[in-house]
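A closer look at the structure
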Amino acid sequence: MSSNNLFLFLFLFLILSCHSYQKPSESHVPENLDEASKMKYTQYLIQGKILYNTNCTHCHQNSGKGFRELYPALIGSAALMDDMGPAACLIKYGTKVSRKASNQNIAMPAQAELSNLEIAEILTYIGNSWGNQTGFISVKKVATSLVDCATH
Amino acid sequence: MMKKYIKIGCLFLLLGACSPIKTNFELPVLGRAEIVTKEVNGILTEDTIPHRIANFSFINQDSAIVTNASFKDQIYVADFFFINCPSICPEMSKQMYRVYEKFLENENIGLLSHTIDPVYDTVAALANYARLLGVSSPKWQFVTGDKQQIYDLGETSYMVVANEDENAPGGFIHSGAFLLIDKERQVRGVYDGTIASQVDLLMKDIDKLLTSYEQ
């Protein structure tokens, strides 16, 4: 490798690595992780934020605070507990029809086109932003939750 | 040397053209006027009928009947939405809520949201929607009624798209427009209800239209 090439390689490497470590400022990454886990965590947060901005913000807002009582806040939401099982089902399949009673929340629409990876990224983002701290949500966790959505 | 002055001159001309001199003008009356010929004393004459919102009769979230007469002493802002709309309606509701808050105490203006999904959006469903949004009639009325009447009124009177379409998100195709209607049932402005700056303009135009009635 010529020194020029080496320089280019280092330069690109630095740019790329700086970039992928820039977590969204509203998000939280635990301190006690090794470098590899931290990097994966951060990538999920970044990707999750992009997906959240295209698929969720018009209802739940950038701030995660929701809008009036129509669209609930995601900060401190009970649906984010229990390894986010209820939230994964809600995102994939929407509010169950049986819940469309007239004195209830309005329904959240299904987004069946989102993959398990995308749901995991979104959940990692909303679960660890604006003060939420539910930890990393893996693709495997999402897949497991989606198996028994009927119970949520 | 001369060239430089010409260039500067041109710049000023351009600046002048861009500046908002328009703000002092009256709001336009939108829609195509209809020309009808009729016979008066055996002589054929042409009459121009300006575009106006046709007669309508709907039911609001409190089961009250809403017609054109409900707005005879008010200007109003109209839009078309449906409760389970996954795409643009959440932003429209948020923007219309800004208008609601700004003119809450002003009795000369009303808001009128028509559902384009009257099968699902019953009076009870609309009442629930208004409750969750935290707004009340008669300031902001959510109306339902005969589906075809709503679609026809949307397309011919308000000049917006409102229809069923199985390929659209949520099953309906509709525009996110806010329409400003004066006391003479005329359309005075069309704004994109999903864009905050457009709704800022709407709120300015509302003030302007209200002022024109004070003179």
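Just so it is clear, the structure is predicted and the values come from calculations on it, not from any experiment. The numbering scheme is per chain: residues are counted from 1 as the chain's sequence reads. Labels follow written order: the first chain is A, the first ligand is 1, and so on. Whole-chain, interface and lining totals are the exception, using all residues; otherwise, since this is a predicted model, local features are given only for residues with pLDDT of at least 70 and side-chain atom pairs are given and counted only at 80 or more. Values shown for side chains rest on all heavy atoms present in the structure; no hydrogens or waters enter the calculation.

Description of the side chain of Ser113 of chain B
Residues and elements named next belong to chain B. Rules: Only DSSP runs of H or I covering at least 4 residues are called helices, and only runs of E covering at least 2 are called strands; the numbering of each starts at the N terminus. Polar contacts, as used here, are pairs of N or O atoms within 3.5 Å; protein pairs need one atom able to donate a hydrogen and one able to accept it. Residues neighboring in sequence count only if both atoms are side-chain atoms. Whether two residues touch is decided by their heavy atoms; if any such pair falls within 4.5 Å, the residues are in contact.
Assignment of secondary structure puts Ser113 in strand β6 (residues 109-115). Only 3.0 Å separates the side chain of Ser113 from the side chain of Trp140, close enough to count as a polar contact. In this structure, Ser113 is in contact with Asp79, Phe81, Trp140, Gln141, Phe142 and Val143, ignoring residues within four places of it in sequence.

Considerations on the state of the cysteines
All names here are of chain A. We apply this condition: Our working definition of a disulfide is a cysteine sulfur pair at a distance within 2.5 Å. The buried label goes to any residue with under 20% of its type's maximum accessible area, the exposed label to any with over 50%, and the partly exposed label to all in between, with areas taken from a 1.4 Å probe on protein chains only.
By the definition in use, this model includes 2 disulfides over all chains. A sulfur-sulfur distance of 2.1 Å marks the disulfide that ties Cys89 to Cys149. Measuring handedness by torsion sign, the sulfur bridge of Cys89 and Cys149 sits at about -90° and is left-handed. With Cys89 in helix α4 (residues 85-93) and Cys149 in the segment after α6 (139-147), the pair connects residues that are 60 residues apart, well separated along the chain. The buried category is assigned to Cys149, whose relative accessible area is 11%.

What to know about unusual backbone geometry
A cis geometry characterises the amide bond from Ser137 of chain B onward to Pro138 of chain B, with omega recorded as 0°. Even without a glycine there, the phi angle at Trp130 of chain A is positive, about 55°. Within the secondary structure layout, Trp130 of chain A lies in the loop between α5 (116-127) and α6. A positive phi angle is found at Arg185 of chain B, which is not glycine, with a value near 65°. One can find Arg185 of chain B in the loop between β10 (177-181) and β11 (187-192). By relative accessible area, which is 30% here, Arg185 of chain B ends up partly exposed.

Some points on the packing of aromatic side chains
Counted only if it meets this: Put simply, two rings from Phe, Tyr or Trp (the six-membered ring, in Trp's case) pair if the centres are within 6.5 Å, and we call them stacked under 30 degrees between planes, edge-to-face over 60, tilted for the rest.
Applying the stated rule across the entire model yields 16 aromatic pairs over all chains. On the numbers, 5.8 Å between centres and 45° between planes, the contact of Tyr100 of chain B with Trp140 of chain B is tilted. Of this pair, Tyr100 of chain B sits in helix α2 (residues 89-102) while Trp140 of chain B sits in strand β7 (residues 140-144), and the two are 40 residues apart along the sequence. Exposure class is identical for Tyr100 of chain B and Trp140 of chain B. Each is buried. Aromatic rings pair up to connect Phe67 of chain A together with Phe81, Tyr97, Tyr100, Tyr129, Trp140 and Phe142 of chain B into one cluster.

Notes on the layout of surface pockets
Residue and element names in this part refer to chain A. How we decide: Grid points spaced at 1 Å and placed over the protein atoms alone form the basis of the search, with a cavity being a set where a 1.4 Å probe fits but cannot get out and a pocket an open set showing protein on both sides within 12 Å along at least five of seven lines. Lining residues have an atom within 4 Å of a point. Grid points are joined across faces, edges and corners, and a volume is the space filled by probe spheres set on the points. Classification used: nonpolar for Ala, Val, Leu, Ile, Met, Phe, Trp, Tyr, Cys and Pro, charged for Asp, Glu, Lys and Arg, polar for all others including Gly.
The computed volume of the largest pocket comes to approximately 930 Å³. As for the largest pocket, its lining consists of 43 residues, and the residues nearest its centre are His60, Leu90, Gly94, Thr95 and Met108. Sorting the residues of the lining of the largest pocket by element identifies α2 (35-55), α3 (57-60), α4 and α5 as the ones contributing at least two each. In terms of residues, the lining of the largest pocket owes the most to one element, α4, which gives 6 residues. Here the lining of the largest pocket is built from residues that sort into 30 nonpolar, 11 polar and 2 charged.

Notes on the confidence of the model for chain B
Residue and element names in this part refer to chain B. Where we set the bar: You can read pLDDT as the predictor saying how much it trusts each residue, on a scale of 0 to 100.
The predicted model of chain B averages 89 in pLDDT, with 89% of residues at 70 or higher. Low pLDDT, under 50, characterises residues 15-22; the predicted model gives this stretch 1 contact beyond four residues in sequence or across chains. Across the interfaces of the predicted complex, the ipTM metric reaches 0.79, alongside a pTM of 0.84.

Considering the sheet that holds β10 of chain B
All names here are of chain B. How we decide: In short, DSSP must find at least two bridges between two strands for them to pair. For helices, the fitted axis covers only the stretch in contact; all axes are lines through C-alpha atoms, and the angles between them, taken along N-to-C directions, range from 0 to 180 degrees.
Overall, mixed pairing links the 7 strands, which are arranged β4-β3-β7-β6-β5-β10-β11 in an open sheet. The sheet terminates laterally at β4 (65-67) and β11, the two strands that pair on one side only. Neighbour-to-neighbour, the strand axes of this sheet turn through a mean angle of 35°, independent of strand direction. Where strand β3 (residues 57-60) and β7 come together, 2 bridges link them in antiparallel fashion. The residue bridging Ile59 from the neighbouring strand is Thr144, located in β7. Its contacts with the sheet put helix α3 (residues 123-133) on β3, β5 (75-81), β6 and β7, and the angle it makes with β7 is roughly 155°. Lying over the sheet, helix α4 (residues 147-157) contacts β3, β5, β6, β7 and β11, oriented at roughly 115° with respect to β3.

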